[in-house]
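So you can see what is in the structure, the chains are spelled out below.
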Amino acid sequence: MKMRHRTRMLRRLNRLVWLYRISSVSLFTLGIIVLLGGAGFRINLTPSEPLGLWRIIEPDRPILVGDLVFICPPNSDAMREARARGYLRFGLCAGRVAPLIKTVVATSGQLIEIGENVRVDGQPLPRSRVARMDGQGREMAPHDGGVVPPETVFLHSQFPWSFDSRYFGPLPMDGILGLAQEVWIYAP
């Protein structure tokens, strides 16, 4: 009788020890994530750019074509629908979405033409085929194109299924958090 009681007590104690260990590791990991996030580090888990750890760097110059940026999308109907479809991940930007990591391919005053592919000022944009359906067979509505308005940028990713300005159009520059700098990436 005493042996059974002792065995049960040891099992309970063992479970508590494992619960304590798991909780400690989880809290430590969460603390590291919060600390790194506060220092401008972000983990990219989307295929739009290489997977891995990135850092947001405050630019010391105006944003230019070719810059890779982190940007918070506006809390618009298009972005809410994108979130509902699963195109955007959970994060701390307005609308509870994560910042996007994209390349600036056009700025204020440049002409965007969208057909089967995207053209910027008459020049074809490499790897810019416009999908008519998403990966789940839902219709994708391309942006109309036109002149990029003041204080906005047109964004692109070379990943074929990227949700970028081909579909939602230019985004306000005031949403740019900074330049994206690779820290540790994995590109399969």
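Each remark here, short or long, concerns the structure printed above.
Residues numbered from 1 in each chain as written. Predicted model: local features only at pLDDT ≥ 70, side-chain atom pairs only at ≥ 80, totals over all residues. Heavy atoms only, no water.

*Asks:* Any details on the state of the cysteines? Residues and values, ideally.
*Replies:* Here the structure, examined in full by the defined rule, presents 1 disulfide. Shown here is the disulfide that connects Cys72 with Cys93, its sulfur atoms set 2.0 Å apart. Around the S-S axis, the bridge from Cys72 to Cys93 shows a dihedral of about -60° and counts as left-handed. Of this pair, Cys72 sits in the loop between strand E3 (68-71) and helix H2 (77-85) while Cys93 is found in strand E4 (residues 90-93), placing the two residues 21 residues apart along the sequence. The two residues Cys72 and Cys93 agree in class, both being buried. (Disulfide = S-S within 2.5 Å. Helix = DSSP H or I, 4+ residues; strand = E, 2+ residues; numbered from the N terminus. Buried < 20%, exposed > 50% of the residue type's maximum accessible area, 1.4 Å probe, protein only.)

*Asks:* Can you break down the sheet that holds strand E9 (residues 146-147) residue by residue, with the values?
*Replies:* One open sheet accounts for 4 strands, arranged E8-E7-E6-E9; its pairing is antiparallel. Each edge of the sheet is formed by a strand with only one pairing partner; in this case those strands are strand E8 (123-124) and E9. Alignment of strand E6 (residues 111-114) against E9, held across 2 bridges, turns out to be antiparallel. Bridged to Ile112 within E9 is Gly146. (Pairing = 2+ DSSP bridges.)

*Asks:* Talk me through the packing of aromatic side chains; I want residue IDs and the actual numbers.
*Replies:* Scanning the entire structure with this criterion turns up 3 aromatic pairs. Consider the rings of Phe163 and Tyr167, whose centres lie 6.2 Å apart with planes at 5°: the pair is stacked. Judged by relative accessible area, which is 13%, Phe163 ranks as buried. Judged by its relative accessible area of 11%, Tyr167 falls in the buried class. (Phe/Tyr/Trp six-rings, centres within 6.5 Å; stacked < 30°, edge-to-face > 60°.)

*Asks:* I'd like a rundown of the sheet that holds E3, residues and numbers included.
*Replies:* Strand pairing in a sheet is mediated by backbone hydrogen bonds. Such pairs are either parallel or antiparallel. The strand order across the open sheet formed by 7 strands is E1-E2-E12-E3-E5-E10-E11, and the pairing between neighbours is antiparallel. Looking at the sheet topology across the chains shown, the edges are occupied by strand E1 (41-44) and strand E11 (171-172). With 3 bridges connecting them, E3 and strand E12 (residues 176-186) associate as antiparallel partners. Within E12, the position partnered with Phe70 by the bridge is Gly178.

*Asks:* Tell me about the environment of Pro170, residues and numbers included.
*Replies:* Residue position: Pro170 is located in the loop between helix H3 (165-168) and E11. Here Pro170 falls in the partly exposed class, since its relative accessible area comes to 23%. Here the alpha-carbon distance between Pro170 and Ser48, two residues 122 residues apart in the chain, equals 17 Å.

*Asks:* Tell me about a nonpolar patch on the surface, residues and numbers included.
*Replies:* There is a patch of nonpolar side chains on the surface, built from Leu51, Val183, Trp184 and Tyr186 and spanning about 430 Å² of accessible area. The element best represented in the nonpolar patch is E12, accounting for 3 residues. Within the fold, Leu51 resides in strand E2 (residues 51-57). Judged by relative accessible area, Leu51 falls into the partly exposed class, the value being 32%. (Patch = residues over 30% accessible without salt bridge, like charges linked within 9 Å, V, L, I, M, F, W, Y side chains within 5 Å. Areas by Shrake-Rupley, 256 points an atom, 1.4 Å probe, with all protein chains shown as cover. Salt bridge = Lys/Arg side-chain N within 4 Å of Asp/Glu carboxyl O.)

*Asks:* Describe the pairing of E12, naming the residues involved and giving the relevant values.
*Replies:* As judged from the 7 bridges shared by E2 and E12, these two strands associate in the antiparallel manner. Pairing of Leu53 across the sheet is with Trp184, part of E12.

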